[in-house]
Amino acid sequence: SATAGVIACVGGTTFIDLTISGGTEPYTILWEKFNTGTSTWETLTETNRRIEGATAGQYRYTVTEANNCSVVTDTVTIADGIPVTLTYVASPILCFGESAQVTLTASSGSSTNFTYFVNGSQIFGNQFPAKAGSYIVYAVDNVRGCKSDDVIINVTQPASPLSLKSIVTENL
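Draft legend 1. The arrangement of the overall build of the protein chain in detail. Check the secondary structure of the protein chain and you find zero helices and 14 strands. Tracing the protein chain from N to C terminus, the helices and strands come up as β-β-β-β-β-β-β-β-β-β-β-β-β-β. Its C-alpha atoms give the protein chain a radius of gyration of 28 Å, clearly above 16 Å, the size a compact globule of 172 residues would have. Taken along the three principal axes of its C-alpha coordinates, the protein chain extends 115 × 35 × 20 Å. Here the protein chain, with 172 residues, has 28% of them falling under the buried criterion. Long-range contacts, defined here as pairs at least 24 residues apart, represent 50% of the contacts in the protein chain between residues at least 6 apart.

Next comes the structure, spelled out in structure tokens:
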């Protein structure tokens, strides 16, 4: 039988372990991974009972015992990790030179504990004041350690402050 670990973060890796009993040792093990791009099984170089660094996908193993009396073939599917998604809401800047309030919201499966970063620095809570400009934000799931993709926030403001260019006076 096969036991596979769980991939915590999107694009991560895990392991697959085989528990083999019966027949005559030594066993010959053939590992394959399904290539979804070509719809073919590709032979892996691993020949041990354990694969390390297994990425998401479908794996097939074939175990043959020393006398070729018994052959076991089965598949194992490893799901990818759950992504951390990040959204934001930014209030508009109504007057030149003021700030917007930006609220960040992360989600990832049932996780509810996230740390937020703005331009590489951790913020406390999920809100920050933002002057006009561009900000790169991301979130980290504090339980699994998974990071969201970077999100770019562009905050704009009115083109210029209100000004009076000239005063014309006339004698009345």
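Back to the text.
Draft legend 2. The arrangement of the side chain of Thr-62 in detail. Within the secondary structure, Thr-62 sits in strand 6 (residues 57-64). The buried category is assigned to Thr-62, whose relative accessible area is 16%. Polar contacts involving the side chain of Thr-62 include one to the side chain of Thr-73, which spans 3.2 Å. In this structure, Thr-62 is in contact with Thr-28, Ile-29, Leu-30, Val-71, Val-72 and Thr-73, ignoring residues within four places of it in sequence.

Draft legend 3. Region of interest: the sheet that holds strand 8 (residues 85-90). Pairing in this open sheet of three strands is antiparallel, and the strands run 8-9-12 from one edge to the other. Unpaired on one side and paired on the other, strand 8 and strand 12 (127-130) mark the two borders of the sheet. Averaged over all pairs of adjacent strands, the angle between their axes in this sheet comes to 25°, without regard to strand direction. Bridging between strand 9 (residues 100-107) and strand 12 involves four bridges; their strand directions are antiparallel. For Val-102, the partnering residue across the bridge sits in strand 12 and is Phe-128.

Draft legend 4. Focus on the packing of aromatic side chains. With the rule as written, the count across this model stands at four aromatic pairs. Aromatic pair Phe-34 and Trp-41: ring centres 5.3 Å apart, planes at 65°, arrangement edge-to-face. Its guanidinium or amino end placed over the ring of Phe-15, Arg-50 lies 4.3 Å from that ring's centre, counting from NZ or CZ.

Draft legend 5. A look at the side chain of Thr-115. Looking at the secondary structure, you find Thr-115 in strand 10 (residues 114-118). Here Asn-142 takes part through its side chain, which lies 2.7 Å from a polar atom of the side chain of Thr-115. The residues touching Thr-115, leaving out its near neighbours within four places in the chain, are Gln-122, Tyr-138, Ala-139, Val-140 and Asn-142.

Draft legend 6. Examining unusual backbone geometry more closely. For the peptide bond that leads from Glu-25 to Pro-26, omega is 5°, which places it in the cis range. Within the fold, Pro-26 resides in the loop between strand 2 (14-18) and strand 3 (28-35). Positioned with a positive phi, Ser-39 is a non-glycine residue whose angle comes to about 55°. Topologically, Ser-39 is positioned in the loop between strand 3 and strand 4 (40-43).

Calculation notes
- Residues numbered from 1 in each chain as written.
- Predicted model: local features only at pLDDT ≥ 70, side-chain atom pairs only at ≥ 80, totals over all residues.
- Heavy atoms only, no water.
- Helix = DSSP H or I, 4+ residues; strand = E, 2+ residues; numbered from the N terminus.
- Rg over C-alpha atoms; globule rule 2.2 N^0.38 Å.
- Buried < 20%, exposed > 50% of the residue type's maximum accessible area, 1.4 Å probe, protein only.
- Contact = heavy atoms within 4.5 Å.
- Polar contact = N/O pair within 3.5 Å; in protein donor to acceptor, adjacent residues only side chain to side chain.
- Pairing = 2+ DSSP bridges.
- Axes fitted to C-alpha atoms, helices over the stretch in contact; angles between N-to-C directions.
- Phe/Tyr/Trp six-rings, centres within 6.5 Å; stacked < 30°, edge-to-face > 60°.
- Lys NZ or Arg CZ within 6 Å of the ring centre and 35° of its normal.

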